[in-house]
Amino acid sequence: MALAFASSFSIATGKRSTCKRNPWSPVLKLSTQKKFSCSATVTIDDRTQVSEYELEIQKNNLLSIFKDTQRGLVTTADQRSIIEEALVNLEGCSRGEAIDLAKLDGTWRLQYTSAPDVIVLLEAAARLPFFQVGQIFQKFECQDQSDGGIIRNVVRWSIPSLLEDQEGATLVVSAKFNVVSIRNIYLQFEEITVQNINISEELQALISPALLPRTFLSLQILQFIRSFKAQVPVTNPNPGRHSVGGLYYLSYLDCNMLLGRAVGGGGIFVFTKAQPLHL
């Protein structure tokens, strides 16, 4: 189920990882400015080694391509082909490794997706003048856990003139997850929440004009809006099943990039590490 970088990074040099790549799949040759400091340990085949430096170049090249796609909303067939090939090469650098929940824990900002349920939101924001989609995150809460945790899909959205731009309100879809194999987690969705309503200055002025004394009623209205929180449980319409769920394949993970694939054709998700998100 929208994401500037939270911190600066540096490229590690002078040391080789055990990551190896297919020599027939060229590294994308695009200029980059952002740099990373963390690498993956990988074994693919015994033909060609990829240094940590080359691995970081591949990741930065991917991010350069994503900038032109508007998080996946606008992509050509050639771009999709290049992205998929680059993702497969990168995923090879985590093959056989178990999910590191300590590394997974935290907030991740969406850079690119092909998931239909996210693309439809981005399309609606592009077409409708009264709807905006801001940043999109996945927040994992699994520190000190060994077999699972909580995942929260977070979408910042807004209605221009009524709410603040891009971050007027927050939609949160929460789920429990369990590790079911070295790279697969199973999600059990529990709740959808709308919270953190931030009304625009224009609407605040309409409710409580600055030139007039603020009445008790107007203050109560403003307080109610700011503290409003709507929660709707996620239920499965099929009898005998407790909740809606699905498999999520975490195909690549290091300290600053996360790749996931929703099993069953649900799409690709590419995230970068972001500052902690407090909900």
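A brief look at the structure comes next.

Reading the values: rules and limits
- Residues numbered from 1 in each chain as written.
- Predicted model: local features only at pLDDT ≥ 70, side-chain atom pairs only at ≥ 80, totals over all residues.
- Heavy atoms only, no water.
- Helix = DSSP H or I, 4+ residues; strand = E, 2+ residues; numbered from the N terminus.
- Expected span 1.5 Å × (residues − 1).
- Buried < 20%, exposed > 50% of the residue type's maximum accessible area, 1.4 Å probe, protein only.
- Contact = heavy atoms within 4.5 Å.
- Pairing = 2+ DSSP bridges.
- Patch = residues over 30% accessible without salt bridge, like charges linked within 9 Å, V, L, I, M, F, W, Y side chains within 5 Å.
- Areas by Shrake-Rupley, 256 points an atom, 1.4 Å probe, with all protein chains shown as cover.
- Salt bridge = Lys/Arg side-chain N within 4 Å of Asp/Glu carboxyl O.
- Core = buried A, V, L, I, M, F, W, Y, C linked by side-chain atoms within 4.5 Å.

Let us now look at helix H1 (residues 52–67). Count 3.6 residues to each turn of an α-helix, and residues three or four apart come out pointing the same way. For H1, with 16 residues, the first-to-last C-alpha span of 23 Å sits near the 22 Å given by 1.5 Å per residue. Most of H1 sits out of view: 12 of its 16 residues are buried. When we look at burial in H1, the residues that qualify are Glu52, Leu55, Glu56, Ile57, Gln58, Lys59, Asn60, Asn61, Leu62, Leu63, Ile65 and Phe66. Here the buried face of H1 lies against helix H2 (77–91), strand S1 (106–113), strand S7 (245–253), strand S8 (257–262) and strand S9 (267–273).

Note on strand geometry: in a regular strand, side chains alternate between the two faces of the sheet. For S9, the buried fraction is high: 6 of the 7 residues fall into the buried class. Alignment of S8 against S9, held across 6 bridges, turns out to be antiparallel. Following the sheet pairing, Met257 is matched in S9 by Thr272. Linking S8 to S9, which pair antiparallel, is a turn of 4 residues; within it Gly264 sits at a positive phi near 100 degrees.

Look at Asp144: it is not a glycine, yet its phi comes out positive at around 65 degrees. Position of Asp144 relative to the elements: it lies in the loop between strand S2 (132–141) and strand S3 (148–158). Its identity is not glycine, yet Asn196 carries a phi of approximately 55 degrees, on the positive side. Inspection of the secondary structure assignment puts Asn196 in the loop between strand S5 (184–195) and helix H5 (201–207). Judged by relative accessible area, which is 29%, Asn196 ranks as partly exposed.

A contiguous nonpolar patch, built from Val180, Leu247, Tyr249 and Val263 and spanning about 330 Å² of accessible area, is present on the exposed surface. Judged by relative accessible area, which is 36%, Leu247 ranks as partly exposed.

This part covers the pairing of S7. Bridge count for S5 against S7 is 5 bridges, and the pairing is antiparallel. For Tyr186, the partnering residue across the bridge sits in S7 and is Leu247. Bridging between S7 and S8 involves 5 bridges; their strand directions are antiparallel. Across the sheet, residue Tyr252 finds its bridge partner in S8, namely Leu259. In this antiparallel pair of consecutive strands, S7 and S8, the connection spans 3 residues.

It is worth spelling out the nonpolar core at this point. Counting residues in each nonpolar core, the largest one holds 37 residues, and the members touching the most others are Leu104, Phe140, Phe177, Ile185, Leu187, Tyr248 and Leu258. No other element matches the 4 residues that strand S4 (residues 169–179) contributes to this core. Beyond its immediate sequence surroundings of up to four residues, Leu104 is in contact with Ile99, Phe140, Cys142, Phe177, Leu250, Leu253 and Leu258. One finds Ile65, Phe66, Ile83 and Met257 within the second-largest nonpolar core, a separate group that totals 16 residues.

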